[in-house]
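Fold and geometry: a report
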Amino acid sequence: MERPLDDGVWERFATLQARRPGGFRIAALMRPPDGGEDEVAWLGRARAAAERGPLGLHTHWTAPDHARPTGGDPAARVREQAEWLRSRGLDVALFCGGGWYTDVAVAEALAELGYADCTATGFRPSYLAADAPRLGVGEPCYVELPSGRRLLELPTTHSLGMLARRILLPYGGSIVHAYFHDTDLVDSFRRTALVAALASLGARRRQTDLTELQRGIRPVKTMSFANSRG
Ligand SMILES: [Zn+2]
């Protein structure tokens with residue numbers, strides 16, 4: 001969720017989450033309020049989203065409209081935001097890095113905080129440079145870190161467009177984990193495509209959600225951070 005404080009965007013998202021197309025509980029990985037944004041309103045909406053599905057942290061490192069870091073200490077910002085959520089009584093243990101950014105220190109912070117990470121993607125985001133830091137993983141796995149900790153990775157496997165193009169085709173992979181932005185829902189074409197794609201997915205695959213996966217999955221695969229860029 002990019003713009004939970006935008007009433008029009010929020011209303012679309014809340015309606016979709018309540019409607020559960022395909023029967024799915026839809027997770028809300030939310031960008032915490034930035035300087036000047038209304039914390040009280042944000043917390044109200046985060047609590048409402050958490051009643052309807054899994055809740056997670058979506059860190060933007062630079063600005064509300066600039067997800068990837070442009071300086072500073074990315075891992076420190078993750079710890080700061082995780083601590084902010086905890087101090088507000090939000091029990092959150094799912095993470096997705098803005099712009100699919102990650103690095104070893106961020107992964108170490110997440111493992112230490114007990115988060116499961118959804119930042120890895122089974123596809124290469126087209127807007128990223130070939131050498132941009134990211135994790136390329138197609139199936140849930142543990143990522144072995146230099147500290148000896150392991151981070152549970154629940155990769156994102158499909159964009160909204162990829163999911164919609166699979167309505168009549170096999171999805172591939174043991175787990176389908178699709179993402180979209182709350183702002184996509186303002187566009188009626190994208191909103192309709194998402195609802196149709198979720199209905200089709202729900203009819204064709206056994207359903208789970210990120211919380212259930214996080215608790216229940218024991219990935220067979222373990223990989224190291226250095227070898228997981230693809
Ligand atoms: Zn974002």
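What counts and how
Residues numbered from 1 in each chain as written. Predicted model: local features only at pLDDT ≥ 70, side-chain atom pairs only at ≥ 80, totals over all residues. Heavy atoms only, no water. Helix = DSSP H or I, 4+ residues; strand = E, 2+ residues; numbered from the N terminus. Contact = heavy atoms within 4.5 Å. Donors = N, O, S within 2.8 Å, 3.2 Å for Na, K, Ca; no water. Buried < 20%, exposed > 50% of the residue type's maximum accessible area, 1.4 Å probe, protein only. Axes fitted to C-alpha atoms, helices over the stretch in contact; angles between N-to-C directions. Parallel < 35°, antiparallel > 145°, perpendicular 65-115°, else oblique. Left-handed = near helix turned anticlockwise from the far one by under 90°. Nonpolar A, V, L, I, M, F, W, Y, C, P; charged D, E, K, R; others polar. Pairing = 2+ DSSP bridges. Expected span 1.5 Å × (residues − 1). Arc of directions from axis to C-beta. Polar contact = N/O pair within 3.5 Å; in protein donor to acceptor, adjacent residues only side chain to side chain. 1 Å grid on protein atoms, 1.4 Å probe; cavity = no way out; pocket = protein on both sides within 12 Å on 5 of 7 lines; lining within 4 Å. Points joined across faces, edges and corners; volume = space filled by probe spheres on them.

Moving on, we get to the environment of Leu85. Along the polypeptide, Leu85 turns up in helix α3 (residues 74-87). Once you skip the residues sitting within four places of it in the chain, Leu85 turns out to touch Trp42, Leu57, Leu90, Val92 and Tyr115.

This part takes up the coordination of the zinc ion. Ideal geometry at a metal gives 109.5 degrees between four tetrahedral donors and either 90 or 180 degrees between six octahedral ones. The protein atoms donating to the zinc ion are Glu2 (OE), His58 (NE2) and His60 (NE2), with metal-donor distances spanning 1.9 to 2.1 Å. Mapped onto the sequence, the residues coordinating the zinc ion show the spacing E-x55-H-x1-H. Within this pair, whereas Glu2 is found in the segment before α1 (7-19), its partner His58 is found in strand β2 (residues 55-59), the two being separated by 56 residues in sequence. As far as the burial class goes, Glu2 and His58 line up, both buried.

Packing of α3 against helix α4 (residues 104-113) leaves a shortest axis separation of 8 Å and a crossing angle of 25 degrees. Compared by their axis directions, α3 and α4 come out roughly parallel. Remark: the crossing between α3 and α4 carries right-handed chirality. Two secondary-structure elements touch here, α3 through Pro74, Ala75, Val78, Arg79, Ala82 and Arg86 and α4 through Ala105, Val106, Ala109, Leu110, Glu112 and Leu113. Classifying every residue of the contact of α3 with α4 gives nine nonpolar, no polar and three charged.

On to the pairing of strand β6 (residues 150-153). By the bridge criterion, four bridges tie strand β5 (residues 141-144) to β6 in an arrangement that is antiparallel. Counted as the bridge partner of Val143 is Leu151 from β6. Connecting β5 to the antiparallel partner β6 that follows it, the hairpin turn spans five residues, and Gly148 within it adopts a positive phi of roughly 100 degrees.

Taking 1.5 Å of rise per residue, 13 residues should cover 18 Å, and α1 covers 18 Å from first to last C-alpha, within 8% of that figure. Within α1 the residues assigned to the buried category are Val9, Trp10, Phe13, Ala14, Leu16 and Gln17. Down the axis of α1, the smallest arc covering the buried residues is 165 degrees, so these residues share one side. The exposed residues of α1 that point more than 90 degrees off its buried face are Asp7, Glu11, Ala18 and Arg19. Two or three places before Gly8, at the opening of α1, Asp6 has a side-chain oxygen 3.0 Å from that residue's backbone nitrogen. Phi turns positive one or two residues past the end of α1, at Arg20, with a value near 50 degrees.

Looking now at the packing of α1 against helix α2 (residues 39-52). At a closest axis distance of 9 Å, the pairing of α1 and α2 adopts a crossing angle of 20 degrees. As far as their axial angle goes, α2 and α1 are roughly parallel. Helix-helix and strand crossings are classified by hand; for α1 and α2 the assignment is left-handed. Contacts between α1 and α2 involve Asp7, Trp10, Ala14, Gln17 and Ala18 from the first element and Arg45, Ala48, Ala49 and Arg52 from the second. The residue inventory of the contact of α1 with α2, partitioned by class, reads five nonpolar, one polar and three charged.

Estimated volume of the largest pocket: approximately 1,000 Å³. Lining the largest pocket are 45 residues, with His177, Ala178, Tyr179, Phe180 and Leu210 sitting closest to its centre. Mapped onto the lining of the largest pocket, the elements with two or more residues apiece are β1 (28-30), β3 (94-97), α5 (160-164), α6 (188-204) and α7 (210-216). The class makeup of the residues in the lining of the largest pocket is 26 nonpolar, eleven polar and eight charged. Put simply, the second largest pocket is a space of about 280 Å³. Lining the second largest pocket are 14 residues, and of these Leu55, Asp91, Val92, Thr211 and Arg215 lie nearest its centre. Taken together, the elements giving at least two residues each to the lining of the second largest pocket come down to α2 and α7.

What follows covers the side chain of His177. Structurally, His177 can be placed in the loop between α5 and α6. Residue class for His177 comes out buried when judged on its relative accessible area of 14%. For His177, the side chain forms a polar contact with the main-chain oxygen of Pro155, separated by 3.0 Å. Setting aside anything within four residues of it in sequence, one finds His177 in contact with Cys118, Leu154, Pro155, Thr156, Thr157, His158 and Leu210.

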